[in-house]
2 protein chains.
Amino acid sequence: MKVLISGGCGFIGSHIVDRLLKRSDIELCLVVDNLWTGRKDNLHHINDDRLKIEIRDVETFASDVLFDEIYHLASPASPPWYMAEPRRTIESNLIGALRLLDVLKPGGRFAFTSTSEVYGDPRVSPQPESYVGMVDCTGPRSSYDESKRCTESLLFETLRTKGLDLRVVRLFNVYGPRTRPDDGRAVSNFITQALAGKPLTVFGDGSQTRSWGYIDDIVDGLERYFWLDKIEYPGPLNIGNDREVPVLDVAKYIANLFGGRMIIQHPIPINDPTNRRPDLTLANKILPGWSCSVPYEEGVKRTVEWFREEMKLSKVG
Amino acid sequence: MKVLISGGCGFIGSHIVDRLLKRSDIELCLVVDNLWTGRKDNLHHINDDRLKIEIRDVETFASDVLFDEIYHLASPASPPWYMAEPRRTIESNLIGALRLLDVLKPGGRFAFTSTSEVYGDPRVSPQPESYVGMVDCTGPRSSYDESKRCTESLLFETLRTKGLDLRVVRLFNVYGPRTRPDDGRAVSNFITQALAGKPLTVFGDGSQTRSWGYIDDIVDGLERYFWLDKIEYPGPLNIGNDREVPVLDVAKYIANLFGGRMIIQHPIPINDPTNRRPDLTLANKILPGWSCSVPYEEGVKRTVEWFREEMKLSKVG
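Residues numbered from 1 in each chain as written. Chains lettered and ligands numbered in written order. Predicted model: local features only at pLDDT ≥ 70, side-chain atom pairs only at ≥ 80, totals over all residues. Heavy atoms only, no water.

What follows covers the overall build of chain A. A count of helical and extended segments in chain A gives nine helices and 13 strands. Its C-alpha atoms give chain A a radius of gyration of 19 Å, within 12% of the compact-globule value 20 Å for 317 residues. Projecting the C-alpha coordinates of chain A onto the three principal axes gives extents of approximately 55 × 45 × 40 Å. For chain A, the proportion of its 317 residues judged to be buried stands at 61%. Long-range pairs, those at least 24 residues apart, make up 82% of the contacts in chain A with a sequence separation of at least 6. (Helix = DSSP H or I, 4+ residues; strand = E, 2+ residues; numbered from the N terminus. Rg over C-alpha atoms; globule rule 2.2 N^0.38 Å. Buried < 20%, exposed > 50% of the residue type's maximum accessible area, 1.4 Å probe, protein only. Contact = heavy atoms within 4.5 Å.)

To continue, consider the interface of chain A and chain B. Across the boundary between the two partners, chain A contributes 36 residues, which contact 36 residues of chain B. On the surface where chain A and chain B come into contact, there are four salt bridges. In this structure, Arg 87 of chain A engages Asp 102 of chain B in a salt bridge whose closest nitrogen and oxygen atoms are separated by 3.3 Å. Remark: the boundary between chain A and chain B carries 14 residue pairs in polar contact (both at pLDDT 80 or more). Going through the elements one at a time, helix H2 (79-84), helix H3 (86-101) and helix H4 (142-162) of chain A are the ones with two or more residues in the side of chain A that touches chain B. It is H4 of chain A that contributes the most residues to the side of chain A that touches chain B, 13 residues altogether. Here the residues of the side of chain A that touches chain B sort into 17 nonpolar, eight polar and 11 charged. (Salt bridge = Lys/Arg side-chain N within 4 Å of Asp/Glu carboxyl O. Polar contact = N/O pair within 3.5 Å; in protein donor to acceptor, adjacent residues only side chain to side chain. Nonpolar A, V, L, I, M, F, W, Y, C, P; charged D, E, K, R; others polar.)

With that settled, consider empty space enclosed by the protein. Residue and element names in this part refer to chain A. Within this structure, the stated rule accounts for one cavity of 30 Å³ or more. Roughly 30 Å³ of volume is contained in the largest cavity. Lining the largest cavity are Trp 212, Asn 241, Arg 243, Val 245, Val 294, Pro 295 and Tyr 296. Residues that form the lining of the largest cavity fall into these classes: five nonpolar, one polar and one charged. (1 Å grid on protein atoms, 1.4 Å probe; cavity = no way out; pocket = protein on both sides within 12 Å on 5 of 7 lines; lining within 4 Å. Points joined across faces, edges and corners; volume = space filled by probe spheres on them.)

What follows deals with the packing of aromatic side chains. Under the criterion given, the structure shown has 18 aromatic pairs over all chains. Linked through ring pairs, Tyr 71, Tyr 225, Phe 226 and Trp 227 of chain A together constitute an aromatic cluster. Here Arg 88 of chain A stacks its cationic end above the ring of Trp 36 of chain A, 4.2 Å away from the centre of that ring. Positioned over the ring face of Tyr 225 of chain B is Arg 167 of chain B, at 5.8 Å from the centre of the ring. (Phe/Tyr/Trp six-rings, centres within 6.5 Å; stacked < 30°, edge-to-face > 60°. Lys NZ or Arg CZ within 6 Å of the ring centre and 35° of its normal.)

What follows covers the environment of Ile 270 of chain A. Residue and element names in this part refer to chain A. Note on placement: Ile 270 falls in the loop between strand E13 (263-266) and helix H8 (281-286). With 26 residues separating them along the chain, Ile 270 and Glu 244 place their C-alpha atoms 21 Å apart. Among all residues touching Ile 270, those that are not within four sequence positions of it are Pro 140 and Arg 141.

Taking the UniProt record as the reference, the feature "domain: NAD-dependent epimerase/dehydratase" (unreviewed entry) is found at residues 3-225 of chain A. Between the C-alpha atoms that bound residues 3-225 of chain A there is a distance of 16 Å. The span itself is 33% helix and 23% strand. (UniProt positions renumbered as here; feature names shortened; annotations may be inferred.)

Between chain A and chain B, which share one sequence, the superposing operator has a rotation angle of 180° and an axial displacement of 0.0 Å; the RMSD is 0.0 Å. On this basis, the relationship between the two copies can be described by a two-fold rotation axis. The rotation axis passes nearest to the C-alpha of Cys 150 of chain A in chain A, at a distance of 3.2 Å. A shared binding surface is used by both copies, with 100% of the interface residues of chain A retained as interface residues in chain B. (Least-squares fit on C-alpha atoms with pLDDT ≥ 70 in both.)

Moving on to H3 of chain A. Spacing of three or four residues puts side chains on the same side of an α-helix, whose turn is 3.6 residues. Over its 16 residues, H3 of chain A runs 22 Å from end to end, which matches the ideal 22 Å to within 8%, given 1.5 Å per residue. H3 of chain A sits mainly inside the fold: 13 of its 16 residues count as buried. (Expected span 1.5 Å × (residues − 1).)

To continue, consider unusual backbone geometry. Residue and element names in this part refer to chain A. The peptide bond linking Ser 125 to Pro 126 adopts the cis configuration, its omega dihedral lying at -5°. Note that Pro 126 resides in the loop between strand E5 (104-115) and H4. Residue Gly 235 is joined to Pro 236 through a cis peptide bond whose omega torsion reads 0°. In this structure, Pro 236 sits in the loop between helix H6 (215-228) and strand E11 (237-239). The phi dihedral of Asn 271 is positive, around 65°, even though this residue is not glycine. Along the chain, the position of Asn 271 falls in the loop between E13 and H8.

Side-chain pairs of opposite charge can arise whenever the charged atoms involved come near each other. Scanning the model with the defined rule gives 66 salt bridges over all chains in all. The shortest N-O distance in the salt bridge between Arg 109 of chain B and Asp 165 of chain B comes to 3.1 Å. Of this pair, Arg 109 of chain B sits in strand E5 (residues 104-115) while Asp 165 of chain B sits in strand E6 (residues 165-171), placing them 56 residues apart in sequence. Between Arg 302 of chain B and Glu 298 of chain B there is a salt bridge, with the nearest N and O atoms lying 3.1 Å from each other. Placement of the pair is Arg 302 of chain B and Glu 298 of chain B together in helix H9 (residues 296-316), with a separation of four residues, close to one helical turn. Judged by relative accessible area, Arg 302 of chain B falls into the partly exposed class, the value being 34%. Given a relative accessible area of 32%, Glu 298 of chain B falls into the partly exposed group. Salt bridges here are not isolated pairs; linked through shared partners, they connect Glu 117, Arg 141, Arg 210, Asp 272 and Arg 276 of chain A.

See below:
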């Protein structure tokens, strides 16, 4: 089997690569990544001849080789990153998907990591997959939200008109080891701030909630849905932790871990979602027995340890 | 001034070309159209050396010439057409916009015809521009809705990050002369069915409402917003007729015009919007004095006359 993973040097992508390489049926695992937000270091620990890395934009990818399975993860996922380069965000998601569909073997599987951001600022909680969302398509977060939505449309419409072995997940606030220190999202921000001895910055009053999914739990779910289990359902499928926690609680928890750092408030960005929590009814049915077992208190500790090592290494390096 | 209009052989596009050529400051009016739903006949009446037509896909368009004004209208607009080729629909809208941004002169104007379909099946009536919509991004109408939404995002995000002289309109159910006989939307369907002596087909019970805008009224608004008036507002701007009429009423009116044709019901398609009506508060402020003056009873008569002539010609030809 030849598999391709776009964004394989990224936070989630690199964990998927680890899991793929445990499979004995794979002869080629091609990572396509332009290192925009991904980092080669995330795959540095792998010593496996089947892994090939092409440093390039997925939106111009072409190949004579056709792939049995394609995992399309190439996209920035943190607001400061995608808001700085909205055009490129749309191109990596949507044009990336178009280019990758062109190199999928007939009958091959196409998996796409969409996002809970397709729900925008939801008026329904928890959010089931059938909820159509509240996204302002002209707003400053729209390049990410709309490029994910439009890529979902492309894939489900391809399924409807031509047939496609499709797997679409909507991921909810994933965190953990291999997040960039300068990622810009809450958990990693709080940790890097705390490690640097700085105050923790919360946007607004911190009452906005998120459902924090620890990377190992999330990748367990992805692995089962993408290739381990025999599943016919093409998606969309919510994958996340359904314990909803206000951002301020996480900030306080991390501040306390470091003996009491100060927490300061910054103005809340436009269109920042007020709440976010997956309805996991469908996930429980499709992936029986799967659940997020790492509470944020534990996941945060593991992430702190990883960042501590990482920052030591980067000082040495 | 050099201007480019994608989709210039189409129903609305060809009317825009007529108006553009009334301007004396234009030296080149380049139409880019692949004749997917456009027809060369729509520009057949024009005898003007400034008009050039390139028959090609806008999504692969490139040029050394940069344009002062670009009007991006290339897209199918009727469900049977875009539902049959969803990928191409996304490409013409979104990749078309990317290609056209690349040939816009710095400081040039970019105008885009978005759609009331960005509101999906609205829960608010009438729909103001601030309403974020109810679109199922996995549904069978999504290629059109989401490619328009994502193109809006691309343009407003380009405005936010780089600056752009932008004009985005959201059009509501336009009808009139130069609609394709096989267009597939209600008014033209009813008329071609009636002219052919067939029963008129209504989807569902016909209680779903639309706001029918006659082409001349709509193009009056576009002309003012796109180039005549001095306006700073980049959009989105609703352009349409705010008289809301059930589909069945239009069918009955046309059936009666032909001495009483039969009306039969077909099953209603998935995600067919139940209602659609523009909130014109902003349009009245931005374009004072503009309004839709042709009621559907009159517009339909004019359209019947045009179709009658058209079908005579096509029989002769």
